[in-house]
Amino acid sequence: MSGVNDIRSTFLDFFKKNGHEIVASGPLVPRNDPTLMFTNAGMVQFKNVFTGLETRPYKRAVTAQKCVRAGGKHNDLDNVGYTARHHTFFEMLGNFSFGDYFKDVAIELAWTLITREFGLDPKRLLVTVYHTDDEAAGHWRKIAGLPEDRIIRIPTSDNFWAMGDTGPCGPCSEIFYDHGEDIPGGPPGSPDEDGDRFIEIWNLVFMQFEQVTPEERVDLPRPSIDTGMGLERIAAVLQGVHDNYEIDLFKALIHASEEATGVKAEGPHRASHKVIADHLRAASFLIADGVLPSNEGRGYVLRRIMRRAMRHAQLLGAQEPLMWRLVPALVREMGQAYPELSRGEALISETLKLEETRFRKTLARGLQLLSEATAGMGAGDRLDGETAFRLYDTYGFPLDLTQDALRQRDIAVDVEGFNAAMERQKAEARASWAGSGEAATEAVWFAVKDKTGATDFLGYETEVAEGVI
Ligand code: ATP
Ligand code: MG
Ligand code: MG
Ligand code: MG
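Model, not experiment: these values are computed from the prediction. (Residues numbered from 1 in each chain as written. Chains lettered and ligands numbered in written order. Predicted model: local features only at pLDDT ≥ 70, side-chain atom pairs only at ≥ 80, totals over all residues. Heavy atoms only, no water.)

**Focus on the packing of aromatic side chains**
Rules: Paired rings are identified among Phe, Tyr and Trp, the last through its six-membered ring, by centres lying within 6.5 Å, and are further divided according to the angle between planes into stacked (under 30 degrees), edge-to-face (over 60) and tilted (the rest). Every helix listed is a DSSP run of H or I at least four residues long, and every strand listed is a run of E at least two residues long, numbered separately from the N terminus. Exposure categories follow from relative accessible area, calculated using a 1.4 Å probe and restricted to protein chains: below 20% of the type maximum is buried, above 50% is exposed, and the middle band is partly exposed. Whether a charge lies above a ring is judged from NZ of Lys or CZ of Arg, which has to be within 6 Å of the ring centre and within 35 degrees of the ring normal.
All told, the structure shown has 21 aromatic pairs when counted by the stated rule. A centroid spacing of 4.9 Å and a plane angle of 55° characterise the contact between phenylalanine 46 and phenylalanine 96, whose relative ring orientation is tilted. Pair noted here: phenylalanine 46 is in the loop between β1 (21-22) and α2 (47-51) and phenylalanine 96 is in strand β5 (residues 89-97), with a separation of 50 residues, a long-range link. With relative accessibility at 0%, the residue phenylalanine 46 sits in the buried group. Pairing tryptophan 111 with tryptophan 140 gives two aromatic rings, centres 6.1 Å apart and planes at 75°, and the pair type is edge-to-face. With tryptophan 111 in helix α3 (residues 103-117) and tryptophan 140 in helix α4 (residues 134-144), the pair connects residues that are 29 residues apart, well separated along the chain. Just as tryptophan 111 is buried, tryptophan 140 falls in that class too. It is lysine 353 that lies over the ring of tryptophan 324; its NZ or CZ is 4.2 Å from the centre. Here the basic side chain of arginine 407 rests over the ring of tyrosine 82, its NZ or CZ set 3.6 Å away from the ring centre.

Okay, here's the thing in structure tokens:
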């Protein structure tokens, strides 16, 4: 059985052997890119190379990229703990061609790696292509010998990638692994494709066109390749398990959390241990890359992740702050591949400990309020926005924490009501400030703040140039 660390090296070495430069992961906070909250794909650090603004001394690259998908267009936060395949933090393995090889070579490299080096059974594999991409379908037939019924044509934007409203774009082709008929879920393109039987392991993007204006699309003179494979997902396949949270790395983290709480990861407690293990990684890597918990922008996403995990620690009956005690296990598992974790260990521990110490003071009281407010409610009911806002404002409950807490009872939250209460509070704050004699300056300040939502992040609305593959 190969562990996560071996699988990562096999991937990097395979592409190195095939003429690719091994490039280190970019940071989770993208450099000079205020449009993007966190790095969420391998191509982010190469955006300017793809558009031609920047050149590098190599035309082929391979990376293992740290990614966070917990905000903006790609937000997998709500999936964590409940699907077999989603994390907030994960590693994306990718190979890139900057105007060098194109579809045929990309498909051949991918197929060789997964069937020869990794030894996957070709009968378990199927692929999707964009419905008009006969070229890619032809390569899959010829190179992989896949029958027509396992080359699925998808007409939606799922199989057409674009950097933004303008810029490079093109069809993509995704590789799926069939985990077997015991697991619910249908093949891609079918009505129950969101199940976990057929799991997408690798996405190959063929950057073929440039969208010059919303109306005009031209062929790129030198098409490029951008791919992304989830390390945890391929590890699950290679380790013969269905759930990402059963791979070696997560077993070790969940074991640490079992030891620290004295509660086995079984039955209803399993989801809590998964959330804790996942959020431990996301929080630690974000802190290592310089993000600190705060009430806005990136720092607030970190705070939401941390507090969500902390409620699950409370559910497991933890009497003391838990998260910081799990940091050594994470450093043991991932510190060699990511030295910033070892270097940042003290800061990570302190930050987690301080946040949890503070939050525990209001967490229990907030949960008490929540249980009183929802007493007598049942599946299909909805918590009012005022209470959700009070939990936020007085007890420090991010909205998604409240939603997560009610999820098992199938109770929703009135999000519009929550937003309205928030707006009202802001308006009241403005009104009382206006009396202080500096109304003009403050009005401007509030206007700016409302518009940007944060000082260091330009808000979801401007998130157009996302590097998502
Ligand atoms: P899914 O449809 O399963 O949500 P995706 O199509 O959103 O995946 P891509 O944007 O194509 O994912 O990213 C490339 C690869 O990264 C995916 O094929 C998958 O292996 C991996 N990946 C994407 N999101 C996650 C996540 N939240 N956790 C773990 N791996 C992920
Ligand atoms: Mg997704
Ligand atoms: Mg997908
Ligand atoms: Mg995909």
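Okay, back to it.
**Regarding the confidence of the model for the chain**
This is how it is decided: Each residue carries a pLDDT score, the predictor's confidence in it, ranging from 0 to 100. Working rule for contacts: check all heavy atoms of both residues, and any pair within 4.5 Å makes them a contact.
Per-residue confidence for the chain averages 91 on the pLDDT scale, and 92% of its residues sit at or above 70. Predicted confidence for residues 437-469 stays below pLDDT 50, and this span has 69 contacts to residues more than four positions away or in other chains. Across the whole predicted complex the pTM is 0.91, and at the interface the ipTM reaches 0.99.

**Here's the deal with the nonpolar core**
Note the threshold: Side-chain atoms within 4.5 Å are what join buried Ala, Val, Leu, Ile, Met, Phe, Trp, Tyr and Cys residues into a set we call a nonpolar core.
Counting 111 residues, the largest nonpolar core has Leu120, Trp140 and Trp202 as its most contacted members. In terms of residue count, helix α7 (residues 269-288) provides more of this core than any other element does, nine residues in total. Ignoring anything within four residues of it in the chain, the contact list for leucine 120 reads Ile114, Thr115, Leu125, Tyr177, Ile201, Ile234, Val237 and Leu238. Of all hydrophobic cores here, the second largest spans 15 residues; its members include Tyr58, Trp161, Met163 and Cys172.

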